[in-house]
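Structural characterization, general
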Amino acid sequence: MTTSTKKPAKRVSSSSGGSTEKKSVRTVLVGVPASPGLAMGRVFPVVNREVSVVEESIPESRVATEEQLFLKAVTKTTKELAKIKEISESRTGVQDSMIFSTHVMILHDPGLNNGVMKMIKEEHKTARWAVHVVLGAYIEKFESIASAQMQDKAMDLRDLYNRLMAAMEDSGPVLENAFASEESAILVAHEFLPSFLMALNPEHVGGLVMDTGGRTSHVAILARSLQIPVVSGLRNVAAMVTKGDTIIVDGTGGMVIINPNEDDIRRFRERQEVFERQRQELFTMRQLEPMTRDGKYIVLHANIELPTEADKVMDFGATGIGLYRSEFLFFKKDVPSCEEQQEAYQHILETMAPNPVTIRTLDAGGDKLVSGITAMDEANPFMGWRSIRVCLDKEDVFCDQLKALLLANTKGNLRILLPMVSGMGELHKAKECIRKCREELIEQGHDVAEARVGVMIEVPAAVMIVEKLAKEVDFFSIGTNDLIQFTLAVDRTNELITDMFQPHHPAVLSMIYQTVVAAHKEGVRVSVCGEMSADPMSVLLLVGLGVDELSMTPWSVMATKKIIRSINFEDLHDTALTVLQMDDAESINEYMHKKYAQTIMELGISSFVGQIEKK
Amino acid sequence: MIVKTLTVTNKLGIHARPAGMIVDITGPAKSDISIVFDGSKANAKSILNVMMLAIPSGSEVRFEVDGDDEEQVVAQLEQLFHDNFNEEAC
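The model shown is predicted, which means the values in this text are computed figures rather than measured ones.

1. As for the nonpolar core
With 103 residues, the main nonpolar core has Ile321(A), Leu418(A) and Val455(A) as its most contacted residues. Apart from the residues lying within four places of it in its own chain, the contact partners of Ile321(A) are His301(A), Ala302(A), Ile304(A), Ala310(A), Val313(A), Ile348(A), Met352(A), Val357(A) and Thr358(A). Listed in part, the 46 residues of the second largest apolar core include Val131(A), Ile47(B), Val61(B) and Val73(B).

Written out as structure tokens, the structure reads:
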């Protein structure tokens, strides 16, 4: 219903691929590598169902036809929703699927149905126009109520609006058609809704390509867990493709090629072969120890977003969960109950036992809004009411989560991670909450093991008081994304200054080093769980700086292990101390590249770590 | 006609799911049923209308039930509110 103005995508090269047809121009687009993997297939445009609707009056004779059209659309959409509910139940559980029952109920709402029928019958409008006006009015009313919950509901209604409109289109896109062909389809859209992705059979989808979104969008995260390659943030790719176009999706490098030429296809096949070979090879070594050649053991953990991902991480050679972002439980619906949370946490903890599992307490706010909890319209949300600040203000929500965590810790392998801590007061208050919750549970007769408690180091203030923090925590986890953003005062979502977001800036490396030194003095272990821990050059620097544990997406664990097994810790430590004295990120990158690029390129992990760029 | 005032005692108020549970009762009933909150009156058989009232926890809600099965409907609604819509109490 709203059309955003789209900026043109960055076109890297474009030439006619020897074809005379105007449509099949070879086009290379660069976007965000949202989910790794390679795929080639036919484009299936998933029309955003942003259909244009025109007001059209109809003669009396067509009234019955239009009424039937609407009623059939309701029946069809009801069936569609029932199917989605069924699939979703098997995948995410009954609780999360109840939303689809609500959708069905809304679909049969008397106010909506009578309104539409009346408009067709009495005002002689088309069914589509009637739905547009009547349901559109509800959407507007919901949007005008200033609560996050209502905004979410408005989005649900838009989802329904789109479904109904598509159901009334004669030649509307029917997804099944895409899967008639042998090749898997590459779905292309302006944006994908999570409900749509949930309803797909991943075996039929080769990849997703979309105009909007980044690495942290809900859709990207789901796709990673389903192992579907995704390139997002392409801005206007949906308008550039035609159904049936051949398209190559490189989710590792963040690139798509529409109408590739023979060279592209040959290169794709080669890369796919390399990818498969490297994957096989890495899999064979996944049980080997992540130890440097001179015997320093680096713990490798996995970051997960869905509880069910825990089932697979050991297959990738990770020996624990370094970060489970609990807010993903809160995105799906309103605040989950203590029991629902406990079930999710317990699944992860018991699957991984006796290996450690780090669960981060609710990190809402910033760019991650949770309905019913976070405030809207902050001028500067990243520095606003978010994360631990929200938790300490909403003690009931926080305590529910803590109790769920403590109850789930039946195997004693839980590590509670407190995000965004910027002062001792917050740590004290949070620890007091944990103590209180544990006491209450024990009083109620529960057997509650003690959980280790750590803080995220992601605000420069935490680094400045890191010696004090180290005396009172069991572990540190450095969140590099926020630490870089706050240390360099660079908003990572601001396109004007993306080149200033420098993970290897001496200030950032120095922050990490100070943290490690202070922590080790108190016998506290340091983990890094941001994007940095999956980048080869960053891995070398982090290990050199003395970081004990790295946590990353499960796919990166095997490749990182291979890097670690190929290097000497003593050498890396010297390197780290050397680069700390350098003036800027450029010099550091150049030095690292000269010293290590060759070694890393020879490891045969290129499919998993992206390109080593020449600096 | 029966007029019954009930208090919302679940923690999250009448969001989508409790609204659905109300309509599960009112929808199939023969009686005409209205829901009144904060000066607004709406058809209680419409989930969209009930949701749109955005009724928070702790509120008093008035039902006006008129028809053959009015007593039965009121009893069911009372039970539903009493059970906090099977959610956590506030």
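2. Here we look at the sheet that holds strand 1 (residues 2-7) of chain B
Hydrogen bonds between backbone groups are what pair the strands of a sheet, and the pairing can be parallel or antiparallel. Residue and element names in this part refer to chain B. The strand order across the open sheet formed by four strands is 1-4-2-3, and the pairing between neighbours is antiparallel. Each edge of the sheet is formed by a strand with only one pairing partner; in this case those strands are strand 1 and strand 3 (40-43). Neighbouring strand axes in the sheet, compared pairwise and without regard to direction, differ in orientation by 25° on average. Strand direction decides the pairing type here: strand 2 (residues 32-37) and strand 3, joined by four bridges, are antiparallel.

3. Thoughts on the sheet that holds strand 13 (residues 414-418) of chain A
Residue and element names in this part refer to chain A. Taken together, eight strands build a closed barrel; the order of strands is 10-11-12-13-14-15-16-17 and the barrel is parallel. Across this sheet, the average inter-strand angle for adjacent strands is 25°, counted without regard to direction. As paired elements, strand 10 (residues 299-304) and strand 11 (residues 321-325) share three bridges and run parallel to each other. Bridge pairing in strand 11 links asparagine 303 to leucine 323. On top of the sheet, helix 22 (residues 554-565) reaches strand 10 and strand 17 (549-552); it is set at about 160° to strand 10, its chief contact.

4. Considering the interface of chain A and chain B
Accessible area lost upon the coming together of the parts serves often as the stated size of an interface. Taken together, the 21 residues of chain A in the interface contact 16 residues of chain B. Listing elements by their share of the side of chain A that touches chain B, those giving two or more residues are helix 2 (94-107), helix 3 (110-123), helix 4 (127-144) and helix 5 (148-168) of chain A. Element by element, the count of residues in the side of chain A that touches chain B is highest for helix 2 of chain A, at five residues. Residue classes in the side of chain A that touches chain B are distributed as ten nonpolar, seven polar and four charged.

5. Thoughts on the environment of Gln581(A)
One can find Gln581(A) in the loop between helix 23 (569-580) and helix 24 (585-601). In sequence terms Gln581(A) and Ser510(A) are 71 residues apart; their C-alpha atoms lie 9.4 Å from each other.

Conventions adopted
Residues numbered from 1 in each chain as written. Chains lettered and ligands numbered in written order. Predicted model: local features only at pLDDT ≥ 70, side-chain atom pairs only at ≥ 80, totals over all residues. Core = buried A, V, L, I, M, F, W, Y, C linked by C-beta atoms within 7 Å. Buried ≥ 20, exposed ≤ 12 C-beta atoms within 10 Å, placed from the backbone. Contact = placed C-beta atoms within 7 Å. Pairing = 2+ DSSP bridges. Helix = DSSP H or I, 4+ residues; strand = E, 2+ residues; numbered from the N terminus. Axes fitted to C-alpha atoms, helices over the stretch in contact; angles between N-to-C directions. Nonpolar A, V, L, I, M, F, W, Y, C, P; charged D, E, K, R; others polar.

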